[in-house]
Amino acid sequence: MATCSINALEALVKEFGVGEPIPTLSGSDVLRRPIDIYRSYLAITAAEKLGCDAGLAYEAVQSANLKDNTDLTLVLPKLKWRSDKPKDLAKEAFMKFSSTPLFQLPIPDGVHLRFIFSTLTLPRLILSYIDDRMGQYGKGRSLDDEATPLTSGVDRKVVVEFSSPNLATEFDSSHLRSTILGSQIANLYENAGWNVVRMNWLGDWGKEIGLLGVGWDKFGSEEEFQMDPMHHLFDVYQKINNIFKPEKEASRKARDEGRDTAEIESQGVFAERDRFFKRMEDGEQDEISFWKRIRDATMAYYTNEYECLNIKFDDFSSESQASLESIAEVESVLKEKGIYEESDGSWIIDYSKHGPKSLGVSVLRGRTGSTSYLLRDIAAAIDRSKKHSFDKMIYVVAADQDVHFQKVFQALRYMGYDGLAAKLEHVSFGKAQGLSGLLGEVHLLGDILDGSIRDAHAVLESDQHDRAFIDSTDYSSKVLGTTSLVIQLCGLSKKTTSYTFNTKRFNSFEGDTGPILQLRYAKLCAKINESNTDEAVLANIDYVHLQEDPWTEVIRLMAQYPDVVDAAFKGHEPSMVLSYLFRLSEELDNCLEDDDSDDDNEEGEESTRPEESPEAILAQTVLYKYARQVMNIGMSILGITPIA
């Protein structure tokens, strides 16, 4: 355990020729992030050479710059270091630095000094660091994570609500993206040491369920329900909704024209829907039996489909479980505060009157006495706080629900529940379009998964990939299909970016795609398996064989992983982990291609490199094993199953 304590780390770097103890600086976490060792020593060196505060110098150190292939950058203006010639600032500072056991000579660049890690000590430091941690590399609470105060000995708890499909209606791309991103965000919190409750909030209550009940009375078939409950319920809903659409349009038009909608909504499907839902809320036996039956079928269906995506929920709750006590509490407190008022037989909150004006007016209880989605969501937040005693609750829901969650949080503040409101956060994301164009006509999660897996199987049956590494079995098709789906939904851009599914690259072995990530991983495993893995341990290698490109490029990337996962956690951006995995796998692929090009030289043809010694091959195999470990950790956060 050469790196698991400050004393052990100091002993290791002392062997490199570093005489000073590891600096203790605010924000530095040298036992979680190996690059913080470099940051800390660079800050102390800058403070000594440039006559500035070490803490200020630490804050002026920026992370890797991919464009110029450097590791750390010292931003000189942040040090308040002045020069008569600002353009020559870096050149003047450069003269004060020399190479060290940890750094090569810096590179002056305008107002920046750019630093590259010494390749003489990098392999031993980083591989030892990973070896001591293995599956725990990059995990645990960061010392600079002060988002939530931590009581000694008590884990922080976060509830992450995601997926949240509705009974019998379409599982659209927003539900799908919520499912993927929500699971990944929950994994990031777990990786950071939080106690995570993964919650699915099934839309099983409200007037839409009343509409489905009316549809069942008209179009429901017991035989078809027994054969395929979810698709039959979806078909029933579509049929009744088509009948209902003209009535909804008429009501909307009347409202837009300032006319009373009561007459329209008191007849036809409108009235049937409202009566059915009112009977549900009143606990009528027939309506409740119908609701329970379709709810049970829906939960069983989704539980099975989620398993294909490596997703399990700790709390599979639903709108119907918003307690009557909490609903009464919300209405009572809002009335007390003078916020809740009656309007045309409905009970409303006029946000425009109490602020902020942009939220307008919302109905919490309709003129028929039925509760609204907004009222149930406010009550549910109170229920969950009592049940889980969380430090934070995150709703991973599409951006088009921004206003809804602003209303939920503001209502809690109106009630005087500011502490609870402060713990709630809506993590929004942009829409993903073109799913049906990609996989054909899809309505439910199972349709989407089946379509993706079929598409992957067709690609594996074609000549688009190297069969030496990935076969065309059903298992490979399933892994590849789900990986493609996860990567498309996670995306390589920020989650708030809307995009259209790329039909040409979905299951392609070209570009940054699911299949290419899995292919690179499979090649890596095959290379490791070529060697004697029992001997491929850190104690047996000579680091001199890893002190040049392309091996050092891989090690530099491996060192960055804890920084990447911390940044992804703080920004709720799983795409940062995905982008990192593509970069790391690409560098590994470059290494493997170099090896293969040497192996493939024809007899009599001169190799571009000297023949590798057994010692060099052993060192490279050890590097590959640790790189695979880092790939495994990153892929697990994204919910991706490695194919090999």
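Keep in mind it's a predicted model, so treat the numbers as computed, not measured.

Now for the overall build of the protein chain. Tallying secondary structure elements over the protein chain gives 24 helices and 14 strands in all. With the C-alpha coordinates of the protein chain rotated into their principal frame, the extents come out at 85 × 60 × 45 Å. Out of the 644 residues belonging to the protein chain, those deemed buried represent 54%. Residue pairs in contact within the protein chain that sit at least 24 positions apart in sequence constitute 70% of those at least 6 positions apart. With the model as given, the accessible surface of the protein chain reaches about 28,600 Å², and the carbon-plus-sulfur share is 47%. For the protein chain, the distance from the average site of its 70 positive side-chain charges to the average site of its 105 negative ones is 8 Å.

Further remarks concern the sheet that holds strand β5 (residues 157-161). Reading across the sheet, the five strands line up as β7-β6-β5-β11-β12 and stay open at both edges, with parallel pairing between neighbours. Here the strands that pair on one side only, and so sit at the sheet edges, are β7 (315-318) and β12 (424-427). Here the average twist between neighbouring strands, direction ignored, is 25°. In the sheet, β5 pairs with strand β11 (residues 392-396) via four bridges, with the strands oriented parallel. Each bridged residue has a counterpart across the sheet, and for V158 the counterpart in β11 is K392. Sheet strands touched by helix α15 (residues 373-388): β5, β6 (195-202), β7, β11 and β12. Its angle to β6, the strand with the most contacts, is close to 150°.

Let's shift gears to the pairing of strand β8 (residues 340-343). Pairing of β8 with strand β9 (residues 346-350) involves four bridges; the strand directions are antiparallel. Counted as the bridge partner of S343 is S346 from β9. Taking the residues between adjacent antiparallel strands as the criterion, β8 and β9 are bridged by two residues, where D344 takes a positive phi near 55°.

All right, on to the pattern of salt bridges then. According to the stated counting rule, one finds 32 salt bridges in the structure shown. As a salt-bridge pair, R39 and D563 come within 2.5 Å of each other at their nearest N and O atoms. One end of the pair, R39, is in helix α2 (residues 35-50); the other, D563, is in helix α22 (residues 551-571), with 524 residues separating them in the sequence. Accessibility classification places R39 together with D563 in one group, the buried group. R293 is paired through a salt bridge with E222; the nearest N and O atoms lie 2.1 Å apart. With R293 in helix α12 (residues 285-308) and E222 in helix α8 (residues 222-227), the pair connects residues that are 71 residues apart, well separated along the chain. Connected through salt bridges with shared partners, the residues R32, R33, D36, R39, D563 and D566 form a single ionic network.

What follows concerns the nonpolar core. One finds L74 and M558 to be the most contacted residues of the largest nonpolar core, which totals 166 residues. Among the nonpolar cores identified, the runner-up in size contains 34 residues, and V159, M199, L359 and L374 belong to it.

Summed over all chains, the structure comprises zero disulfides. We note that C490 lacks a disulfide partner, and the nearest cysteine sulfur, in C308, lies 19 Å from it. Given a relative accessible area of 2%, C490 falls into the buried group. There is no disulfide at C591, and the cysteine sulfur nearest it, in C525, is 15 Å away. Owing to a relative accessible area of 0%, C591 belongs among the buried residues under this scheme.

When we look at burial in helix α1 (residues 6-16), the residues that qualify are A8, L9, L12, V13 and F16. Projection of α1 onto a plane perpendicular to its axis shows the buried side chains occupying an angular sector of 130°, all on one side. Of the exposed residues in α1, those oriented more than 90 degrees away from the buried face are N7, K14 and E15. Positive backbone phi, at 105°, marks G17, one or two positions downstream of α1.

Bringing the environment of L517 into the picture now. On the secondary structure map, L517 appears in helix α21 (residues 514-530). Taking the relative accessible area as the measure of exposure, L517 reaches 0% and is therefore buried. As a C-alpha pair, L517 and L581 span 64 residues in sequence and 7.9 Å in three-dimensional space. Non-local contacts of L517, meaning those with residues more than four positions away in its chain, are made with I487, L581, F582, S585, M631 and I640.

Time to look at the packing of aromatic side chains. Taken as a whole, this structure holds 29 aromatic pairs when the rule is applied. Measuring from centroid to centroid gives 5.6 Å for F97 and F115, while their planes differ by 70°, and the two rings are edge-to-face. Linking F97 in the loop between α4 (89-94) and β3 (107-109) with F115 in strand β4 (residues 112-115), this pair joins segments that are 18 residues apart in sequence. This pair shows no difference in class: F97 is buried, exactly as F115 is. Ring geometry for Y189 versus F569: centroids 4.7 Å apart, planes at 75°, classification edge-to-face. With Y189 in helix α6 (residues 173-191) and F569 in helix α22, this residue pair connects regions lying 380 residues apart in the sequence. You can call Y189 buried: its relative accessible area is 2%. Judged by its relative accessible area of 9%, F569 falls in the buried class.

Moving on to the confidence of the model for the protein chain. Summarising the model, the protein chain shows a mean pLDDT of 91, and 92% of its residues fall at 70 or more. Taken as a whole, residues 147-153 scores under 50 in pLDDT and shows eight contacts with residues more than four places along the chain or in a different chain.

Bringing the side chain of T169 into the picture now. Mapped onto the fold, T169 is located in the loop between β5 and α6. Filtering out sequence-adjacent residues up to four positions away, T169 remains in contact with F234, Y237 and L444.

Rules used throughout
- Residues numbered from 1 in each chain as written.
- Predicted model: local features only at pLDDT ≥ 70, side-chain atom pairs only at ≥ 80, totals over all residues.
- Heavy atoms only, no water.
- Helix = DSSP H or I, 4+ residues; strand = E, 2+ residues; numbered from the N terminus.
- Buried < 20%, exposed > 50% of the residue type's maximum accessible area, 1.4 Å probe, protein only.
- Contact = heavy atoms within 4.5 Å.
- Areas by Shrake-Rupley, 256 points an atom, 1.4 Å probe, with all protein chains shown as cover.
- Lys, Arg positive; Asp, Glu negative; His and termini not counted.
- Charge placed at Lys NZ, Arg CZ, Asp CG, Glu CD.
- Pairing = 2+ DSSP bridges.
- Axes fitted to C-alpha atoms, helices over the stretch in contact; angles between N-to-C directions.
- Salt bridge = Lys/Arg side-chain N within 4 Å of Asp/Glu carboxyl O.
- Core = buried A, V, L, I, M, F, W, Y, C linked by side-chain atoms within 4.5 Å.
- Disulfide = S-S within 2.5 Å.
- Arc of directions from axis to C-beta.
- Phe/Tyr/Trp six-rings, centres within 6.5 Å; stacked < 30°, edge-to-face > 60°.
- pLDDT = per-residue confidence, 0-100.

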